[in-house]
Amino acid sequence: MLLSSVRPLALLTAAATLVLAACPAPDLKVPGAQLSGTVKINAALKPLLPPPPGASGRTVREVEPNTLPPVESFDAGEVATDIEPTILTGSLDAVDVRDRILFKVAGEGSASVTLTFTYTKGSGTTNIFLAEGAAIAEDGSNIRIQTATQDAVTTASAVIPAGKTMLLNLRYLSEAPAEYSCTISAVSGAVVGKVYVVAFREGDRHPAELVDPVNAPALPLGAALVNKDIAIDEEGTWTGSFGGLALVASDPQEPVEAGEKIVLFAYADNDGTATSTPANFVLAPPSPADFVSSTLLTVDAPEDGAGLADLSLVIDAKNL
């Protein structure tokens, strides 16, 4: 009886294996047409790359308690502009899950600040926030940098007001103890922030021309971060590439049709004010610190699932 009960089960398992082997692999497609290309920032805007990690400067060790907001914090003092960075060192663990560091950038007007975070012992995941003021607003509107550690070195930049208190909030999400170094560099030029390409229907006009943003908003069809092959050439032109910009209408009753005119807009969020909503120009319109495209690139939408590559956009103006 035991052998007879096992044999049908073995045959059934073999049959199931044959059925699975005969099934073709599913054809998974990303919805919407896919756009990719490059973005250039004119040398006339004097774009800068973040300073390389490993620079020497004033070293400050964080002092506890600085974990519980808003009462606890550590004041790291003033960061010199165009002279030397401030190198903050500290530790995080399952109990000390947050370091709240206050600092100011020396000078007047505005400056580009770059944060370079590196684990010096151990590793883990740390959410990195830079906010104007001594605390993060409930709606996050004062956040200028928001990123997380992914590689051995994590770098992010933003244009901030000089002479104003800034909060560096490090939120540790792992359990094993870790030590870190976070270099805060400030320069008087414009270190390029995150660069985005946003797609709209041509009929929605330029995204800056919001006739009635409440009742007739210009909703984007898609957006992409320019995060590949970033460099500055000998002439001072900033270049980078993007991919995976999917054209998907927010209203399924009005899908993107093949051949429909689409306009693309590129901008550099130099002050980080669009960190939370980079494609929503109602909540986070480009600010005076940002670099923008003065003209839009018009393309014909390809068929759903198809691609359009080698697009070229130019950022050539400051947002006034």
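Just so we're clear, the structure is a prediction, and the values are computed from it rather than from any experiment.

A. Fine view of the overall build of the protein. Secondary structure summary: the protein contains one helix and 22 strands in total. Buried positions account for 41% of the 320 residues belonging to the protein. Across the protein, every contact between residues at least 6 apart in sequence was considered, and the portion connecting residues at least 24 apart equals 78%. Accessible area for the protein stands at about 16,700 Å²; split by element, carbon and sulfur atoms hold 57% of it.

B. How the structure looks around the pattern of salt bridges. On inspection of all chains with the given rule, the structure shows four salt bridges. Salt-bridge contacts for glutamate 132 lead to arginine 144; the nearest nitrogen and oxygen are separated by 3.1 Å. Here glutamate 132 is found in strand S8 (residues 126–132), whereas its partner arginine 144 is found in strand S9 (residues 143–148), with twelve residues between them in sequence. Note that glutamate 132 and lysine 164 form a salt bridge whose closest N and O atoms lie 2.9 Å from each other. Here the residue glutamate 132 occupies a position in strand S8, and lysine 164 occupies one in the loop between strand S10 (153–161) and strand S11 (166–172), the gap between them amounting to 32 residues. Residue glutamate 132 is classed as buried on the basis of its relative accessible area of 17%. Accessibility expressed as a relative area gives 37% for lysine 164, which makes it partly exposed. Within this structure, Glu132, Arg144 and Lys164 form a network of salt bridges that share partners.

C. Representation of the nonpolar core. Residues Leu88, Phe103, Val105, Val113, Leu115, Leu130 and Leu168 are the most contacted members of the largest nonpolar core, which totals 30 residues. Listed by contribution, the elements that provide at least two residues to this core are strand S4 (74–79), strand S5 (86–92), strand S6 (98–105), strand S7 (110–121), S8, S10, S11 and strand S12 (178–187). Setting aside residues up to four positions removed in sequence, leucine 88 forms contacts with Val60, Glu62, Phe74, Ile101, Leu168, Tyr180, Ser181 and Cys182. Ranked by size, the runner-up nonpolar core spans 28 residues in total, among them Ala33, Leu45, Ala266 and Leu313.

D. Layout of the packing of aromatic side chains. Following the criterion strictly, the structure yields seven aromatic pairs and no others. Following the ring pairs from residue to residue traces out a cluster consisting of Tyr196, Phe200, Phe265, Tyr267 and Phe281.

E. Summary view of the sheet that holds S5. Taking strand neighbours across the sheet as the criterion, the five strands line up as S3-S5-S12-S7-S10 in an open arrangement whose pairing is mixed. The sheet terminates laterally at strand S3 (58–61) and S10, the two strands that pair on one side only. Here the strands of the sheet are splayed against their neighbours by 20 degrees on average, with no regard to which way each runs. Relative to S12, S7 runs antiparallel, the two being bridged by nine bridges.

F. Structural context of the pairing of S7. With nine bridges joining them, S7 and S10 adopt antiparallel strand pairing. Note that in S10 the partner of serine 110 across the bridge is proline 161.

G. Here's a closer look at the sheet that holds strand S17 (residues 238–247). The mixed open sheet is built from four strands, whose spatial order is S16-S17-S1-S21. Each end of this open sheet is capped by a strand with a single partner; those strands are strand S16 (228–232) and strand S21 (307–315). For this sheet, the mean angle separating the axes of adjacent strands, direction not counted, is 25 degrees. In terms of strand pairing, S16 meets S17 through three bridges, oriented antiparallel. For isoleucine 232, the partnering residue across the bridge sits in S17 and is tryptophan 238.

H. Quick look at the environment of leucine 45. For leucine 45, the position within the fold is in the loop between strand S1 (33–41) and strand S2 (47–48). Setting aside residues up to four positions removed in sequence, leucine 45 forms contacts with Phe291, Ile315, Asp316, Ala317 and Lys318.

I. Structural detail: the pairing of S5. Of all seven residues making up S5, five are buried, and the element is well covered by its neighbours. Judged from the four bridges that link them, S3 and S5 form a sheet pairing that is parallel. Across the sheet, residue arginine 61 finds its bridge partner in S5, namely threonine 89. For S5 and S12, the ladder comprises seven bridges, and the chain directions are antiparallel. Within S12, the position partnered with threonine 89 by the bridge is serine 181.

About the thresholds
- Residues numbered from 1 in each chain as written.
- Predicted model: local features only at pLDDT ≥ 70, side-chain atom pairs only at ≥ 80, totals over all residues.
- Heavy atoms only, no water.
- Helix = DSSP H or I, 4+ residues; strand = E, 2+ residues; numbered from the N terminus.
- Buried < 20%, exposed > 50% of the residue type's maximum accessible area, 1.4 Å probe, protein only.
- Contact = heavy atoms within 4.5 Å.
- Areas by Shrake-Rupley, 256 points an atom, 1.4 Å probe, with all protein chains shown as cover.
- Salt bridge = Lys/Arg side-chain N within 4 Å of Asp/Glu carboxyl O.
- Core = buried A, V, L, I, M, F, W, Y, C linked by side-chain atoms within 4.5 Å.
- Phe/Tyr/Trp six-rings, centres within 6.5 Å; stacked < 30°, edge-to-face > 60°.
- Pairing = 2+ DSSP bridges.
- Axes fitted to C-alpha atoms, helices over the stretch in contact; angles between N-to-C directions.

That is the geometry; function is a separate question.
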